[in-house]
Amino acid sequence: MKESLAIFGGEPVRKTKIFYGKQDITESDVKEVARVMMSDLITQGPEAVALEKALCQFTGAKYCSMVSNGTAALHIAALAADIQPGDEVIVTPITFAASANCILYCGGIPVFADIHPETYNIDPEDIRRKITSKTKAIVAVDFTGQPVEADAIRRICDEFNLIFIEDAAHSIASSYKGKMVGNIADITTMSFHPVKTITGGEGGAILTNDPDLHHKISLYRTHGITKDETQYEYENEGTWYHEQQLLGYNYRITDFQSALIHNQFRRIDSYKARRQEIVKQYNDAFDKIPELIVQKEIDGADSCRHLYVLRLNFDKLNCNRKQFFDALSAENVQPQVHYIPTYYFPYYQRLGYKKGLCPNAEAYYDSALSLPLYPKLTDEDVKDVIKAVKKICAYYAKR
Ligand SMILES: *Cc1c(COP(=O)(O)O)cnc(C)c1O
């Protein structure tokens, strides 16, 4: 029996709307921010350093640099990788625009490689096909929090002498074959925007094991200026002396944001456990429904999912993505779509990118929607989401 959908005047599955993501700010977070606000140093200082240490310890990475946001982290990663005008960098189109924009900031050329049709991460086979003599780096995104196939990507990077940049905006606390994200690629970037797993309002991090890359990253973060006398090119003229050695930026983070991120980070294990629990509940519910397609887990991945993506199987449904999306929203379960392929945007189209470039990514985009996923979702909320999805499936099913 088909229930009447809320979008056609039926009773919605729930009274209040749930969104796809939501930050979790506690009393203790507020206290930490207030404590630092009242201290002598409020911009980047000891709190940022303490957080860098904590992220190194957690991931196993040797070096970490906190920055103002995830986009700044990607920009610095591209600068440290020495992306020059005309250099090609391979990137996935199923990501937030910043993953490719950071290449353009340096005058580089984003070359889009297609995604794997079942894991939705960049496909190492297609990376190989897109390599030319101008390729300098790969920006691989751990989409939804699932780490990329790092073994295959590392082999390609070694073979063609490329820098492996991992955009881990979604994947803090994930691991691949026993190695934590942050300790896998040449450079890993993170974001602490409010929709991400932990937040500082804004914030970013750059991790590496390479001392030379770390040195460049530190310079680019603060105008290219160093106060480390062991690094001076010219004579140290006195205690006031410092040197600008390259053209950097002001990408510092404040110390009160660092304290907020650090305090949230103390809850990372429980966040991960809860996110994994919710993903399992969704997977168990949707796996057996032929109208739906569940994201495939990569071998060796232990994912702390930031997003839960569901795909619609149009062979078995009498609706399109927009109809399903709007119907779910009317049931008061607000989905989102991650992501519009980057090269679909007018800016990229004007640069000459054409639709048809990455068929898997395009088919993915037409059929995907993201369901609510954040630690504060109750079991009741999760049941409502499942109920709403099933209700719409039953309504539009061809069977
Ligand atoms: C959020 C996000 C970014 C950008 O991070 P900001 O902190 O918002 O600048 C980059 N890449 C991906 C995949 C993201 O999700």
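Everything in this summary refers to the structure shown in the same document.

Cut-offs used in this document
Residues numbered from 1 in each chain as written. Predicted model: local features only at pLDDT ≥ 70, side-chain atom pairs only at ≥ 80, totals over all residues. Heavy atoms only, no water. Salt bridge = Lys/Arg side-chain N within 4 Å of Asp/Glu carboxyl O. Helix = DSSP H or I, 4+ residues; strand = E, 2+ residues; numbered from the N terminus. Buried < 20%, exposed > 50% of the residue type's maximum accessible area, 1.4 Å probe, protein only. Axes fitted to C-alpha atoms, helices over the stretch in contact; angles between N-to-C directions. Parallel < 35°, antiparallel > 145°, perpendicular 65-115°, else oblique. Left-handed = near helix turned anticlockwise from the far one by under 90°. Contact = heavy atoms within 4.5 Å. Nonpolar A, V, L, I, M, F, W, Y, C, P; charged D, E, K, R; others polar. Pairing = 2+ DSSP bridges. Right-handed = clockwise from strand over helix to strand, strands pointing away. Arc of directions from axis to C-beta. Core = buried A, V, L, I, M, F, W, Y, C linked by side-chain atoms within 4.5 Å. Near = heavy atom within 4 Å. Polar contact = N/O pair within 3.5 Å; in protein donor to acceptor, adjacent residues only side chain to side chain.

Another aspect to go through is the pattern of salt bridges. A complete count under the given rule lists 25 salt bridges for this structure. Between aspartate 29 and arginine 267 there is a salt bridge; the shortest N-O distance is 2.8 Å. Note that aspartate 29 is positioned in helix H1 (residues 27-37) and arginine 267 in the loop between helix H8 (255-265) and helix H9 (268-286), a separation of 238 residues in sequence. Here aspartate 29 falls in the buried class, since its relative accessible area comes to 0%. The shortest N-O distance in the salt bridge between arginine 35 and glutamate 32 comes to 2.9 Å. Linking arginine 35 with glutamate 32, this pair stays in helix H1, spanning three residues, or about one helical turn. Among the charged side chains, a network of salt bridges with common partners joins Asp24, Asp29, Arg267 and Lys376.

Turning to the packing of H1 against H8, a few remarks are in order. Where H1 meets H8, the axes come as close as 8 Å, and the angle between the chain directions of the two elements is 150°. Considered as vectors, H1 and H8 are oriented roughly antiparallel to each other. Viewed along their axes, H1 and H8 form a crossing whose handedness is right-handed. Across from Ser28, Asp29, Glu32, Val33, Val36 and Met37 in H1, the residues of H8 making contact are Asp255, Phe256, Ala259, Leu260, Asn263 and Gln264. Broken down by class, the residue content of the contact of H1 with H8 amounts to six nonpolar, three polar and three charged.

The subject of this paragraph is the pairing of strand E3 (residues 109-112). Where strand E2 (residues 88-91) and E3 come together, four bridges link them in parallel fashion. Each residue of the ladder has a partner; that of valine 91, found in E3, is phenylalanine 112. Note on the crossover from E2 through helix H4 (residues 98-105) to E3: the handedness is right-handed.

Turning to H1, a few remarks are in order. Since the α-helix turns once every 3.6 residues, residues separated by three or four places project in the same direction. Within the sequence span of H1, burial applies to Asp29, Glu32 and Val36. Here the buried residues of H1 occupy an arc of 65° about the axis, which is enough to place them on one side. Pointing more than 90 degrees away from the buried face of H1 are the exposed residues Glu27 and Lys31. Looking at the buried residues of H1, the elements they touch are helix H2 (46-59) and H8.

Where strands meet in a sheet, backbone hydrogen bonds hold them as pairs that are either parallel or antiparallel. The strand order across the open sheet built from three strands is E12-E14-E15, with neighbouring strands paired in antiparallel fashion. Since the sheet does not close on itself, it has two edges, and those belong to strand E12 (292-294) and strand E15 (368-371), each with one partner. Going from strand to strand, the sheet's axes swing by 35° on average, the running direction of each strand aside. In this structure, E12 lies alongside strand E14 (residues 308-312), joined through three bridges in antiparallel fashion. Note that in E14 the partner of leucine 292 across the bridge is leucine 312. Those strands touched by H9 are E12, E14 and E15, and its axis lies near 15° from that of E14. Set on the sheet, helix H10 (residues 321-330) makes contact with E14 and E15; between it and E15 the angle comes to about 15°.

It is worth spelling out the pairing of strand E5 (residues 163-167) at this point. Looking down a regular strand, the side chains alternate between one sheet face and the other. For E5, a buried count of four out of five residues is recorded, marking the element as mostly surrounded by other parts of the structure. Judged from the five bridges that link them, strand E4 (residues 135-141) and E5 form a sheet pairing that is parallel. Residue pairing across strands places alanine 137 opposite isoleucine 163, the latter belonging to E5. With helix H6 (residues 150-160) bridging E4 and the parallel E5, this β-α-β connection has right-handed handedness. Pairing analysis gives three bridges linking E5 to strand E8 (residues 187-191), with the strands arranged parallel. Within the sheet, the bridge partner assigned to aspartate 167 lies in E8 and is threonine 189.

Attention now moves to the nonpolar core. In terms of nonpolar packing, the biggest core is built from 80 residues, with Tyr282, Phe286, Tyr308, Leu310, Leu371 and Val389 touching the most fellow members. Residue contacts for leucine 310: discarding those within four places in its chain leaves Phe286, Leu292, Ile293, Val294, Ser367, Ala368, Leu369, Leu371 and Val389. Ile138, Ala168, Met190 and Ile298 belong to the second largest nonpolar core, which has 43 residues in total.

By nearness alone, 16 residues border the ligand, and Gly70, Thr71, Asp167, Ser191 and Lys196 come closest of all. The separation between an oxygen atom of the ligand and a polar side-chain atom of tyrosine 339 is 3.3 Å. At three residues, helix H3 (residues 70-80) tops the list of elements feeding residues into the shell around the ligand.

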